[in-house]
Every structure is written in structure tokens, then in C-alpha cells.
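Residues per chain are reported as follows:
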Amino acid sequence: MRIHTPPRAHSPWPLVIGAAAMMALLALTACSTPRAPEGIQPVTGFDADRYAGHWHEVARIDHAFERGLTQTSATYSRNADDTIKVVNRGYDPVRKAWKQAEGTARFVDEPTRAALKVSFFGPFYGGYNVVALDENYQWAMVVGSSTDYLWILSRAPTLPWHVREHLMERAQTMGVDVRKILWMPAASEQHAKRAVMT
């Protein structure tokens, strides 16, 4: 669900890769039951089965565990015990290699409220709060354990401008510093840039 890491999920929602990334995440998520930031209301009427599947990470507030990665994505599926399997993936253009992290997400309260906690290792959890969600589950905005962690996910590699503007307004009213939000180029644009550079 970038469920990324602080997420955030990953957490969706975040790609936890390498020892340095793990240490950074440890410092941020060393609590067993992270809560939504003050004033943040996770989506209610949430359906985890509809949320499952593949999501493109189209925007994020950048942090060490994802910095430099492109074509980032999150894939969610149900485990047999009703937890959520989280697979975060991203391309490192410097190393020219894909990186992947697998984690587990659990609901903090009832499963119809989109407040989850995500772990990529041990008992350490990051918050994953879906705070805006398309009625057809085509895009979502996720906030971590604080408003310094934000991901925007989409079923498609890009979002229409009116949806971007709507989500930016929502984020700002939630106290997010929208100047920190980094929008990802579409995968086709990234491939084109690599082709020009080679």
C-alpha cells in the first residue's frame, strides 16, 4: 500500500534499501504502533482488496531510503493471516540496477479505516495513512507517521493536472510543506532520457 514505508503504507509506502536506509528508518519508526499525525484523518470505508495490486509512485517527499531512485512502485497483496504483503521497487540509474524491499502491513484499528503500520524488518514499524483516495481506487495520497513523509500513488504512470492540483491543495491544508514534494517523470520520459544519454 509505498504499504510504502514510512512508508510508507511504503512506508507504499518507502523503499528501505541498504544499511544506511535501515538506520534512518529505525530512527523514525522505533515505535510499535505509529499513529496518524495530529489533525490527519485516514480514509474510512476503506477496502483493502480494491487497494491491492500495482501502484506507480508519481510523487513523494524525498528521503535517504528512496533518494535517486526512479520508476518507483508499490505492489500490495493479502497474506493468509489478513496482513498485507508490501513489495516496493525502484530503479537506481547510477548502479543501473533494480532494488526491491518486501514488508508487511497491519491495520492499526478496524480494516475499514486506512491507518496501517508497515514493517520491513523486525518489530519496527512506520505509519502508513491513506488520507485521500479516488472513489475508483485509481489514485491515493499517503502520509507517514509525520507530515514529513508523503507519497502520491497512481494506477497509471501519470496523473491529470487537475488531480495533481487537488492533491496539492489537500496536502497543504493538512500541514504538509508542498515545496518538498518531488514529482516523478513518467516511465516513458525516463526511458527517453536514458536513450538520449547513451
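Presented here is a report on the structure given in the accompanying data block. None of these values were measured; they are calculated from a predicted model.

### Brief notes about the packing of aromatic side chains
Now for step 1: Summed over the entire model, instances satisfying the criterion amount to 10 aromatic pairs.
Now for step 2: If you follow lysine 117 out to its NZ or CZ, it ends over the ring of tyrosine 125, 4.6 Å from the centre.
Now for step 3: A cation over a ring is seen here: arginine 164 above tryptophan 161, with NZ or CZ 4.5 Å from the ring centre.

### Observations regarding the pairing of strand 5 (residues 115-121)
Now for step 1: Among the seven residues in strand 5, seven count as buried, and that is most of the element.
Now for step 2: Summarising the sheet, strand 4 (residues 97-107) and strand 5 pair through four bridges and their orientation is antiparallel. Looking at the pairing, threonine 104 lines up with serine 119 of strand 5.
Now for step 3: Relative to strand 6 (residues 124-133), strand 5 runs antiparallel, the two being bridged by five bridges. Along strand 6, the bridge assignment pairs alanine 115 with asparagine 129.
Now for step 4: Hairpin connection from strand 5 to strand 6: two residues lie between these consecutive antiparallel strands, with glycine 122 at a positive phi of about 55°.

### Side note on the pattern of salt bridges
Now for step 1: In total, this model carries 10 salt bridges according to the counting rule given.
Now for step 2: A salt bridge links arginine 113 to aspartate 109; the nearest nitrogen and oxygen atoms lie 2.7 Å apart.
Now for step 3: Through salt bridges with shared partners, a single ionic network connects Glu57, Arg60, Asp62 and Arg67.

### Comments concerning the environment of glycine 90
Now for step 1: By the secondary structure assignment, glycine 90 is in strand 3 (residues 84-92).
Now for step 2: The class of glycine 90 is buried, set by a relative accessible area of 0%.
Now for step 3: Here the alpha-carbon distance between glycine 90 and threonine 72, two residues 18 residues apart in the chain, equals 4.1 Å.

### Let's talk about the nonpolar core
Now for step 1: Membership of the largest hydrophobic core comes to 27 residues, with the highest contact counts inside it found for Phe46, Tyr51, Tyr76, Tyr128, Val130, Leu133 and Leu153.
Now for step 2: When residues of this core are traced back to their parent elements, those giving at least two are helix 2 (48-51), strand 2 (70-78), strand 3, strand 4, strand 5, strand 6, strand 7 (139-143) and strand 8 (150-154).
Now for step 3: Each residue touching valine 130, except ones within four places of it in the same chain, is listed here: Pro42, Val43, Phe46, Tyr51, Ala114, Ala140, Met141 and Val142.
Now for step 4: Judged by nonpolar contacts, the second largest core, of 19 residues, contains Ile40, Ala59, Met141 and Leu150.

About the cut-offs
- Residues numbered from 1 in each chain as written.
- Predicted model: local features only at pLDDT ≥ 70, side-chain atom pairs only at ≥ 80, totals over all residues.
- Heavy atoms only, no water.
- Phe/Tyr/Trp six-rings, centres within 6.5 Å; stacked < 30°, edge-to-face > 60°.
- Lys NZ or Arg CZ within 6 Å of the ring centre and 35° of its normal.
- Buried < 20%, exposed > 50% of the residue type's maximum accessible area, 1.4 Å probe, protein only.
- Helix = DSSP H or I, 4+ residues; strand = E, 2+ residues; numbered from the N terminus.
- Pairing = 2+ DSSP bridges.
- Salt bridge = Lys/Arg side-chain N within 4 Å of Asp/Glu carboxyl O.
- Core = buried A, V, L, I, M, F, W, Y, C linked by side-chain atoms within 4.5 Å.
- Contact = heavy atoms within 4.5 Å.

Without other data, these values stay purely geometric and don't point to any function.
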